[in-house]
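Single-letter residue listing:
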Amino acid sequence: MQSNLNPNPQNNLDSTANSPQKIAILGSGAWGSALAGLARYNGHQVQVWSRSNHSSLEEIIADADLVLSAVSMPGVCPIATQIKETKLKDNIPIVTATKGLDTETTYTPSKIWSNCCSDHPIVVLSGPNLSKEIEQGLPATTVVACQDMNAAKIVQQLLSSKRFRVYTSPDPLGTELGGTLKNVIAIAAGVCDGLHLGTNAKSGLLTRALTEIIKIGTHLGGQAETFFGLSGLGDMLATCNSPLSRNYRVGYGLAQGKNLQQVLSELGSTAEGVNTTNVLIEIARREQMTVPISWQVYQLLNNKITPQEAVEALMERDLKPEFLEGII
Ligand SMILES: NC(=O)C1=CN([C@@H]2O[C@H](COP(=O)(O)OP(=O)(O)OC[C@H]3O[C@@H](n4cnc5c(N)ncnc54)[C@H](O)[C@@H]3O)[C@@H](O)[C@H]2O)C=CC1
Ligand SMILES: O=C(CO)COP(=O)(O)O
């Protein structure tokens, strides 16, 4: 499955390092728009499709050299299914930048894309990438992961610039799960800060959360070391410490005594962690796994407990060694 693009041009990070390519971006929300900006900065010809701009999806992707999906989770399955019936250029990579889990199937976005477009390499893009900072031109790093390293290198070359440093990884599932599961933890971190529980509590929360993410992420097939990298710990640090994160703001708002509907309507934008928490708990029940922090987030989002009760429940769990099963 060879693409026509050269995965190994000279390692030149100015924006002319690659010949301009046609890039189709699906989704014109915060992340799709920021990624379009990064691609245009590198001189690529960018077309953005969204369900609201009435352009034809088929026309936009027909002659694209790269398709990059940045829609939120509810859009992934309908769009991937539509693209399954559409002719793309042979073997072009499809990049998925969505951080969520499908409610119906519990699948990750890359699994949905792989099922629908099995003739194309599916590349996961995930990392500490708060879109507002990227829109401001601030430096950021990310990971592009694919079992086909050739495809990962192509995407790396197309998107890398002085302001966006892109690393490759051979672990798409771990990369994707890191970015997805940390959204649940970002809600917990927002609660922690909203209740003013202090730096010790926040450090304890994030450290235990990383253990929880690694436990479930490796059980589902991700590689342990991936969760210590940019798409795991890196994204968790960004999202759990920034009021720019919508998921963090959900937790912060709940800690202030607002209800979920009020917080979400004030947000007016996607907070994937809310749906991801519900799907994660379904997975944990199915796999018979204990996910203490995610469980408290689930209880809180579903109005079963107050933020204070969630803290008490975590602090009063049975005492045990820090590492039960040797975490890596
Ligand atoms: N904003 C950010 O900083 C980052 C966001 N992400 C992820 O990217 C994804 C999108 O996030 P944002 O752009 O921030 O959200 P957003 O709320 O700004 O935009 C969501 C986009 O998805 C589209 N969409 C939703 N449902 C759809 C459907 N059924 N059919 C077609 N299109 C549909 C919307 O029209 C919109 O273009 C999320 O999974 C998010 O976790 C990842 C990294 C950074
Ligand atoms: O994934 C993100 C940053 O990497 C964006 O986080 P939020 O969706 O919480 O805003």
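Small disclaimer: the values here were computed from a predicted structure and weren't measured.

The next subject is the site of ligand 1. Surveying the vicinity of ligand 1 reveals 22 residues, the closest of which are Ala30, Trp31, Ser131, Thr270 and Glu272. Residue Ser72 places a main-chain N or O atom 3.1 Å away from an oxygen atom belonging to ligand 1. One nitrogen or oxygen atom from the main chain of Asn129 is found 3.3 Å from an oxygen atom belonging to ligand 1. Notes on ligand 1: free accessible area 830 Å², of which the protein chains cover 85%. Counting residues per element, the shell around ligand 1 draws most heavily on helix 3 (residues 73-84), at three residues. Grouping the constituent residues of the shell around ligand 1 by class yields eight nonpolar, ten polar and four charged.

Aromatic ring pairs are described here by two measures, namely the spacing of the ring centres and the angle between the planes. By the definition in use, this model includes two aromatic pairs. Ring centres of Trp295 and Tyr298 lie 5.3 Å apart, and the angle between their planes is 25°; this geometry places the pair in the stacked category. You can see Trp295 and its partner Tyr298 sitting in helix 13 (residues 292-301), three residues apart, about one turn around the helix. Judged by its relative accessible area of 33%, Trp295 is partly exposed. When its relative accessible area of 16% is taken as the criterion, Tyr298 is described as buried. When the ring centre of Tyr107 is taken as origin, the NZ or CZ atom of Lys111, which lies over that ring, is 4.5 Å away.

Before going further, it helps to examine the UniProt feature "domain: Glycerol-3-phosphate dehydrogenase NAD-dependent N-terminal" (unreviewed entry) in the protein. Mapped onto this numbering, the UniProt entry gives "domain: Glycerol-3-phosphate dehydrogenase NAD-dependent N-terminal" (unreviewed entry) at residues 22-54 and 55-151. Structurally, residues 22-54 is divided into 36% helix and 30% strand, and its ends, taken at the C-alpha atoms, are 20 Å apart. For residues 55-151, the end-to-end C-alpha separation is 28 Å, with 35% helix and 19% strand making up the annotated structure.

Fine structural detail should not be taken from predicted coordinates in areas where pLDDT scores are low. Residue-level pLDDT values for the protein average 94, and 93% of them are 70 or greater. Low pLDDT (under 50) marks residues 9-17, which in the prediction has twelve contacts with non-local residues, meaning those over four places away or in another chain.

Turning next to unusual backbone geometry. Backbone geometry at Asn91 places phi at a positive 65°, although glycine is not the residue there. Along the chain, Asn91 turns up in the loop between helix 3 and strand 4 (94-96). Classification of Asn91 by relative accessible area gives partly exposed; the value is 25%.

If you trace the backbone, Thr277 turns up in helix 12 (residues 272-287). Note on Thr277: relative accessible area 0%, which makes it buried. Leaving out residues up to four positions away in the same chain, Thr277 has contacts with Val184, Ile187, Ser294, Val297, Tyr298 and Leu301.

Each value, and the rule that gives it
- Residues numbered from 1 in each chain as written.
- Chains lettered and ligands numbered in written order.
- Predicted model: local features only at pLDDT ≥ 70, side-chain atom pairs only at ≥ 80, totals over all residues.
- Heavy atoms only, no water.
- Near = heavy atom within 4 Å.
- Polar contact = N/O pair within 3.5 Å; in protein donor to acceptor, adjacent residues only side chain to side chain.
- Areas by Shrake-Rupley, 256 points an atom, 1.4 Å probe, with all protein chains shown as cover.
- Helix = DSSP H or I, 4+ residues; strand = E, 2+ residues; numbered from the N terminus.
- Nonpolar A, V, L, I, M, F, W, Y, C, P; charged D, E, K, R; others polar.
- Phe/Tyr/Trp six-rings, centres within 6.5 Å; stacked < 30°, edge-to-face > 60°.
- Buried < 20%, exposed > 50% of the residue type's maximum accessible area, 1.4 Å probe, protein only.
- Lys NZ or Arg CZ within 6 Å of the ring centre and 35° of its normal.
- UniProt positions renumbered as here; feature names shortened; annotations may be inferred.
- pLDDT = per-residue confidence, 0-100.
- Contact = heavy atoms within 4.5 Å.

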